[in-house]
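Coordinate inspection notes
One-letter residues, chain by chain:
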Amino acid sequence: MENSTQQAGRPKQNITIYTEANPNPNSMKFMLSFMLLKGGESYDFPSIKEAEVSPLAKELFGKFEEVERIFYMSNFITITKKEGSTDWIEIIPKFKEFLLEYFEAEKPIFENIDETIVEKAESEAIKKIRGVLDEYIKPAVEMDGGAIKFHSFDEETGIVKVLLQGACSGCPSSTFTLKMSIENLLKRMVPQVKEVVAEGV
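Presented here is an overview of the structure given in this document.

Rules behind the numbers
Residues numbered from 1 in each chain as written. Predicted model: local features only at pLDDT ≥ 70, side-chain atom pairs only at ≥ 80, totals over all residues. Heavy atoms only, no water. Pairing = 2+ DSSP bridges. Helix = DSSP H or I, 4+ residues; strand = E, 2+ residues; numbered from the N terminus. Axes fitted to C-alpha atoms, helices over the stretch in contact; angles between N-to-C directions. Contact = heavy atoms within 4.5 Å. Phe/Tyr/Trp six-rings, centres within 6.5 Å; stacked < 30°, edge-to-face > 60°. Buried < 20%, exposed > 50% of the residue type's maximum accessible area, 1.4 Å probe, protein only. Expected span 1.5 Å × (residues − 1). Bend = angle between axes of the 7 residues up to and from the residue.

Let us look at the sheet that holds strand E7 (residues 159-166). The strand order across the open sheet formed by three strands is E6-E7-E8, and the pairing between neighbours is mixed. Single-partner strands in this sheet number two, and they are strand E6 (146-154) and strand E8 (195-198). If you compare each strand with its neighbour and ignore which way they point, the axes differ by 30° on average. When E7 meets E8, the two strands line up parallel, connected through four bridges. The partner of isoleucine 159 across the bridge, within E8, is glutamate 195. Across the sheet, helix H3 (residues 124-143) is in contact with E6 and E7; its angle to E6 comes to roughly 165°.

Below is the structure:
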């Protein structure tokens, strides 16, 4: 099967990496001077087991004992460190050095990705929910080094389930944001929605 993952072209030189803090104190957003992925794709690796498809993620888990979770999207990598581990100020330079050497050596980001995309018929309510998430919510979440994905919608109960990834996963403020911002917006714009919950968090 054709590899569905699209990796953006990486420049052979002049790669720069800088960091941006986000609401999750245990996560740091490493901004890259090139696109890591194309087409709005994102990948979340909550452990080294899930990182088997990515040599980059595997090396990060293996080289840095502080790493708890890794997330890729567009032109950034969000690294979440273990609670109570080394302060960011001490380990950011090490992460930057590793990433710079990795990309300059043109090592692969992924290998053996085999995905099948199945399109399902969706109700009008689900289409509206996806539209609100894409237009109003995703851009703000991505700025904080995370991502939000639609999981499911129960037409009978009105419950929307979403997946929080990257910096948003385990963030102390994510529950507040989910209820006060995301839920309120969806309930206002899609009357069928009664509640929003995070799946797997």
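There is more to say, and it comes next.
What follows deals with the packing of aromatic side chains. Enumeration over the complete set of coordinates arrives at 12 aromatic pairs. Judged by centre distance (6.1 Å) and plane angle (45°), the rings of phenylalanine 71 and phenylalanine 76 are tilted. Take phenylalanine 71: its relative accessible area is 0%, and that puts it in the buried class. What makes phenylalanine 76 buried here is its relative accessible area of 2%. Centre to centre, the rings of tyrosine 72 and phenylalanine 110 are 5.7 Å apart; their planes meet at 75°, and the pair counts as edge-to-face. One end of the pair, tyrosine 72, is in strand E4 (residues 67-73); the other, phenylalanine 110, is in the loop between helix H2 (88-104) and H3, and 38 residues separate them in sequence. Accessibility assignment for this pair places tyrosine 72 and phenylalanine 110 in one class, buried. In textbook terms, an aromatic cluster arises when at least three aromatic residues are bridged by ring pairs, as seen for Phe30, Phe34, Phe64, Trp88, Phe95, Phe98, Tyr102 and Phe103.

Most peptide bonds adopt trans geometry, and most residues besides glycine take a negative phi value. Even without glycine at this site, serine 74 takes up a positive phi of about 35°. Look at glutamate 106: it is not a glycine, yet its phi comes out positive at around 55°. Here glutamate 106 shows up in the loop between H2 and H3. Judged by its relative accessible area of 42%, glutamate 106 is partly exposed.

Our focus in this paragraph is the environment of tyrosine 43. Tracing the backbone through its elements, the reader meets tyrosine 43 in strand E3 (residues 42-45). Along the backbone, tyrosine 43 and methionine 73 are 30 residues apart, and their C-alpha atoms lie at a distance of 6.7 Å.

End to end, H3 covers 28 Å across 20 residues, agreeing with the expected 28 Å (1.5 Å per residue, within 8%). Maximal helix bending in H3 amounts to about 50°, located at isoleucine 137; proline proline 139 follows within four positions. Of all the residues in H3, the buried ones are Ala125, Ile126, Ile129, Val132, Leu133, Ile137 and Val141. Glycine 145 sits one or two residues past H3 and shows a positive phi near 85°.

Here the focus is the pairing of E7. Here E6 runs beside E7; their pairing, made up of eight bridges, is antiparallel. Following the sheet pairing, phenylalanine 153 is matched in E7 by valine 160. With antiparallel pairing between neighbouring strands as the criterion, E6 and E7 make up a hairpin whose turn holds four residues, including glycine 158 at a positive phi of roughly 80°.

This part is about the sheet that holds E4. Strand order in this open sheet of five strands is E1-E2-E5-E4-E3, and the pairing throughout is antiparallel. Across the chains shown, the open sheet's two edge strands, defined by having one partner strand only, are strand E1 (17-21) and E3. Between one strand axis and the next, the sheet turns through 20° on average, direction left out of account. Pairing geometry for E3 and E4, over four bridges, is antiparallel. Its bridge partner being in E4, phenylalanine 45 is matched across the sheet by isoleucine 70. Sitting on the sheet, helix H1 (residues 55-63) touches E3, E4 and strand E5 (76-81), and the angle it makes with E4 is about 155°.

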